[in-house]
Each structure stands twice: as structure tokens, then as C-alpha cells.
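Each chain, written out:
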Amino acid sequence: MVHRYDALIIGAGGAGLMAALQLSSHGRVAAISKLYPTRSHTGAAQGGIGAALGNHEEDHWEWHMFDTVKGSDYLADQDAVEILCREAIETVYDLEHWGLPFSRTPEGKIAQRPFGGHTREFGKAPVRRSCYAADRTGHMILQTMYQQCLKNQVHFYDEYHVLDLLIEQGRCAGVVALCLATGELHTFHAKAVVFATGGCGRMFSVTSNAHALTGDGMGVVLRRGIPLEDMEFFQFHPTGIYKMGILLSEAARGEGSVLRNKNGERFMERYAPTLLDLAPRDMVSRAIYREIREGRGIGGKNYVHLDMTHLGREVLDMKLPDITDFVRTYLGIEPAKELIPVQPTAHYAMGGIPTDNDGRVVIDEKHTPLPGLYAAGETACVSVHGANRLGTNSLVDILVFGRRSGRHAARFIKENDLPPLSAKPEERSREIIARLLSSQGQERGADIRESLQNEMMDKASVFRDAGTLMAMREKLKEIRDRYANVKIEDRGAKYNTQLLEIFELGILIDLADVLVEGALARQESRGAHSREDFPKRDDANFLKHTLAYLGPRGIQLAYKPVTVTRFEPKERKY
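Here's a quick rundown of the structure.

### What to know about the packing of aromatic side chains
Throughout the structure, instances matching the rule amount to 17 aromatic pairs. Taken together, a centroid distance of 5.1 Å and an interplanar angle of 75 degrees make the contact between Tyr 146 and Phe 156 edge-to-face. Residue Tyr 146 is found in helix α4 (residues 137-151), and its partner Phe 156 is found in strand β6 (residues 155-158); the two are separated by ten residues along the sequence. For Phe 156, a relative accessible area of 14% corresponds to the buried category. A ring pair is formed by Phe 204 and Phe 236, whose centres lie 5.1 Å apart and whose planes are at 75 degrees; its orientation type is edge-to-face. With Phe 204 in the loop between β9 (185-195) and α5 (216-222) and Phe 236 in strand β11 (residues 234-241), the pair connects residues that are 32 residues apart, well separated along the chain. This pair shows no difference in class: Phe 204 is buried, exactly as Phe 236 is. One aromatic cluster is present, formed by Tyr 5, Tyr 157, Tyr 160 and Phe 188 through successive ring pairs. In this structure, Lys 70 packs its charged tip against the face of Tyr 574, placed 4.3 Å from the ring centre. Taking NZ or CZ as reference, Arg 389 lies 4.1 Å from the ring centre of Tyr 348, over its face.

Here's what the structure looks like:
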């Protein structure tokens, strides 16, 4: 079955919906998602979207840019960061005009709160920059954008799982997707395709990511010879609920919550004397693990406490209703009276599909674009987050670069005809499905996935060294052998979720390979990549982006320079 559109959006979170909205008045546009759109992971973003509106105090986009570059440990491309911070302001006002119900100041302006790493006057003190709708900002963005897309006639294919990217004569020609309800393959032929499929946190056992975050977009393009950029940088958010990984937003610390060890100490005073609990996430996560290693975890276990007891029930229920509800529901704890057990949780991939500032996917260190192919959001790497993303900048990223991707793609579809399509565009996908369904193996996919997640958590998470990474490389060979022997019990066509989970597992194994090889080669510590055998940042040798290709001999690495415009790299101090 072949469908033809001017443009396709793969993924229906914030980035995808923004790109679709920009394209909707320029041609026939379809959004393909393995989920119902309003279940996309943008809806899980809680604390806010960063923009220098200055509604409470003086603020400037240049300060926002400085904080973002410094927070990235100087790995972000500064031309892209300038675009991010300049266009964040207009983007937030667009959301307001489309009906997003922001929280308000007494004067009726959009309310803003402090967030980790965001400062005034280039680092002097925290600033209120996060624009929020209670602690449901992502949920409100998702609902607002989806309604705008429906109003503008975007065609949605819900519960269609993309298996392959079509490239014909050097151009992107569309995708092949499996319809979950029928098990049929569908070819989507288009002039332009925007991948906005989110992250890959499900490669770790403790994660804030939903079950759907399996890196599908990254893996599909990687298998078509397109590199991934900076995948060794994976952010662990400091405050996930102990053992569950469920996120307790930085908004909690923005409203005044603090972290405490077993002695009741506010230990961030030792690690970040100026910003304290609002230091960037990489630093706070490492501080928590150091407290635990030095015997100051709670009850000798791998967690510390988040203390919200001094905020009062009224503040918690009005400004942090979802967070407090999570704590009451999942832990049976009353946060207004009791301390909350937290540990770092795998949260965000700074790396992804490399793009230029208009969202065009680039395929080498010379920034050569692949015509017709775009990416935006967590699945992409512009790069505005470098080695460590600041809180609130993910929502800015998905909307600013979702918009730029959509606008450039709109020009592209006006200037170009449909690319040619091969006689059998679904052949490769049919082979993948047939191979999985005909497997006579004995390994359960759930067991393999659990091994992958536990081993990655143990050997390649907050702290790493050559020994743990080499051990993980060997473990991945074993896991790949087990995957080749996987069994599928459901051989039916309709609603075969087991088949798709096995497909997702294969993607996660590929991406874990990329992460480990990039981390082994980067012999320094920078942002979220903390090598205990190379504890210092090494600008002389590693102020550069990693590009990882999947070749016949495994992962091959190349590098490209970082763009530095305004801010020369310095040691990060908070």
C-alpha cells in the first residue's frame, strides 16, 4: 500500500507537531506515530520552557546563551545556541497566542521560576527564566500543538511503527511503516521527511523515559548509513524516584526544595556554593553518587533525600501538583511532611541525528545535507546541548528547531518534485519482519532487554572508565548473540506488540554500541561523560563532536569541530 504526501513527520511530540504545523499550509502533510499523539513523551516534561522574557526581573537572551554554552561544557555549537535563545522568546509568545494556559503573575504576565544552571549577569546568581504551566508544561504544549495541527488539516497515522527510511538516488524518498492494527506494511512516499521520534533512555534500567523511548528514529537512519553525533553524552537527571526512575522535576528545587544526605546536610553546598541545588544536572548527579560512595547515602543505600517539607502544602498543591501526586501515589509519602528518596535517573540523549541549523540532516564532517531529510527534537543533535543540557532547554529545542525544520522543509517541497521510488520499497522491511517471525530461537526478548538495561546502568551511566566500558563492549557482543537467538511466541499479524518490542530491542542494542564506542574513544571528562580514568576536560584533543557510523565492521568514528563564536571555553564553576 503506497501513500503519497508532500511531507511526512515521523513522531507526534512537540518537535513533530511544530514541524507539521509549519508545513500544513504549504502542502499535504501526514504525521506518523507509533503512539496516539497526546501520549508522546513531550507530555512528561514538567517544569517549564526557558526564555528570557524578564517578567519578574531583568533577563536577556545573551545571558541565556552564556548559561547554555557553559552548561554544555562548551561542546554546544554556539551559532545554534544563539538561535535557540533568541527565538525562544518569540516561540513562547506563539504558544501563548495559540492558547497554552501558562501560569500567571499577579499582573497577568507569563509566570517564570528559577531552574538549574540559569543565571543573571553571566553566572552571578539564579534567575527566573522557566515559563511554566504548574508542573504540566509539556502536557499543555502537547495538547495545544495537537489541536493546532487538527485545525490545520494535518493527517495523522496513529500506531504506525516506522521500520525503514527510503533513500533513492541520493534523496530521501519516504519511509516504510507497519500498521499495528493490521500488521500490514505501508509505504509513505514523500518529498520531505522530518524525524522527530524522541530519545532512547530505555537502554538503561533506571530511567524517566516512557516505554516508547527506544530510539527508533536514530536507529533507522543509522542502519541506512547516516551517522549519529555525540551519543556518548547521556544525561542523568538528579531526582528520579528511588528504583522507579519516575521524574521529580527540577521545578521542585526551583521552588526551594533541597537535597540532603543521611546526616541531613544540604550537601550541594560543598559542590556548587553559588547555585547550590540549582547547579546543572550533570554536577548534581555526580554529587549524589559521591555522597553515596562516601557512605552518606540514606541507610547505606543508593539514594539521598529530596526535602520539600518547608514549602508548605499550599505551594506544593498549587505549583507542583503532579510531582506531589506522583510521590503520594507511588511511594505513599506525604511530601509536605516527609522526605522523598531520590537517585539519578537516565533522562535525555544530548546526541542524535546530526543536523544543521535548519534541521537538515547532515551525513559527514563537512556538513553535507541529505536532500529531503530533516530531524528535530531529542532524536536530533543540532547541537545546542553539547555535553550537558540545561533544564527547560529541551522544550525550547523541540519548538525552535521543530519550527525551523518545518519552515525549511516547506521551501523544499515547493522547489522539488517527488523523488523516484524503487519497485519494491518494502522489501527490506519485509525481510526484517520475516526474519523475526521465523526465528526458532530460545531467548526471551524481555530477558535480553533486562540484561542490556542493567549492564548499561552498571557500566556506562554516570561514571565510566576504560575497564567498565571494555566490559560493556564484550557484554554487548554476548547480548547481540542472544538477540540472534530470540524467540517470538506471537506470530500473528494484528496488534503484534511483541514483534515490535523485539524490533525496538534491536535498535537499542545498536545505540548502546554507539554510546560505548564513543565513550571509549573520548578520553576526557566533559559534561555528562565522566571518565574516572580521565577526570579532566581535554580541549586540546576533544573539543570536537563525535560522528558514529554503523559499518560492516561495526561502529566507525569520525569527528568534526565545535563552532565557537562568543564564549571561549573556560573551567565550569558554579
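### Quick look at the sheet that holds strand β23 (residues 544-551)
Reading across from one edge, β10-β23-β24 is the order of the three strands in this open sheet, with antiparallel pairing throughout. The sheet is open, and its two borders are formed by β10 (228-229) and β24 (554-561), each paired with just one other strand. In this structure, β10 lies alongside β23, joined through two bridges in antiparallel fashion. Across the sheet, the residue bridging to Glu 229 is Leu 547, located in β23. Across the face of the sheet, helix α15 (residues 497-521) comes into contact with β10, β23 and β24 while running at roughly 55 degrees to β24.

### Quick notes on the environment of Leu 437
Its place among the elements puts Leu 437 in helix α12 (residues 427-437). For Leu 437, a relative accessible area of 23% corresponds to the partly exposed category. Measuring from C-alpha to C-alpha, the distance between Leu 437 and Gly 492 comes to 8.8 Å, with 55 residues separating the pair along the chain. Apart from the residues within four sequence positions on either side, Leu 437 is in contact with Ile 488, Asp 490, Arg 491, Asn 496 and Leu 499.

### Observations regarding the side chain of His 189
On the secondary structure map, His 189 appears in strand β9. Only 3.0 Å separates the side chain of His 189 from the side chain of Arg 4, close enough to count as a polar contact. Not counting the four nearest positions on each side in its chain, His 189 is found in contact with Val 2, His 3, Arg 4, Tyr 5, Ala 173, Leu 418, Pro 419, Pro 420 and Leu 421.

### Focus on the environment of Ser 103
Along the polypeptide, Ser 103 turns up in the loop between α3 (78-97) and β4 (112-120). Distance from Ser 103 to Ala 133, taken between C-alpha atoms, is 4.7 Å for residues 30 residues apart in sequence. With residues up to four places along the chain from it excluded, the contact list for Ser 103 reads Lys 109, Ile 110, Ala 111, Tyr 132, Ala 133 and Ala 134. Of the polar contacts made by the side chain of Ser 103, one reaches the backbone nitrogen of Ala 134; its length is 2.8 Å.

### Regarding the side chain of Arg 281
With respect to the helices and strands, the residue Arg 281 is situated in helix α8 (residues 281-296). Looking at Arg 281, its side chain comes within polar contact range of the side chain of Gln 235, at 3.0 Å. Among residues more than four places away in sequence, those in contact with Arg 281 are Phe 115, Gln 235, Phe 236, His 237, Pro 238, Glu 250, His 347, Asn 388, Arg 389, Gly 391 and Thr 392.

### Considering α4
Residues spaced three or four apart along an α-helix face the same direction, because each turn holds 3.6 residues. Between its first and last C-alpha, α4 extends 21 Å over 15 residues, near the 21 Å set by a 1.5 Å rise per residue. Positive phi shows up at Gln 153, right after α4, with a value of about 65 degrees.

### So, the nonpolar core
Generally speaking, a soluble globular protein has its nonpolar side chains buried in company with each other. Counting residues in each nonpolar core, the largest one holds 80 residues, and the members touching the most others are Leu 8, Ile 32, Val 175, Phe 195 and Met 456. Considering every element that reaches this core, the biggest residue donor is α15, with 15 residues. Ignoring any residue separated from it by four or fewer positions in sequence, one finds Val 175 in contact with Leu 8, Ile 10, Ile 32, Val 162, Asp 164, Leu 165, Leu 166, His 186, Thr 187, Phe 188, Val 193 and Phe 195. Grouped together as the second largest cluster of nonpolar side chains are 60 residues, Ile 49, Ala 88, Met 145 and Tyr 374 included.

The rules behind these values
- Residues numbered from 1 in each chain as written.
- Predicted model: local features only at pLDDT ≥ 70, side-chain atom pairs only at ≥ 80, totals over all residues.
- Heavy atoms only, no water.
- Phe/Tyr/Trp six-rings, centres within 6.5 Å; stacked < 30°, edge-to-face > 60°.
- Helix = DSSP H or I, 4+ residues; strand = E, 2+ residues; numbered from the N terminus.
- Buried < 20%, exposed > 50% of the residue type's maximum accessible area, 1.4 Å probe, protein only.
- Lys NZ or Arg CZ within 6 Å of the ring centre and 35° of its normal.
- Pairing = 2+ DSSP bridges.
- Contact = heavy atoms within 4.5 Å.
- Axes fitted to C-alpha atoms, helices over the stretch in contact; angles between N-to-C directions.
- Polar contact = N/O pair within 3.5 Å; in protein donor to acceptor, adjacent residues only side chain to side chain.
- Expected span 1.5 Å × (residues − 1).
- Core = buried A, V, L, I, M, F, W, Y, C linked by side-chain atoms within 4.5 Å.

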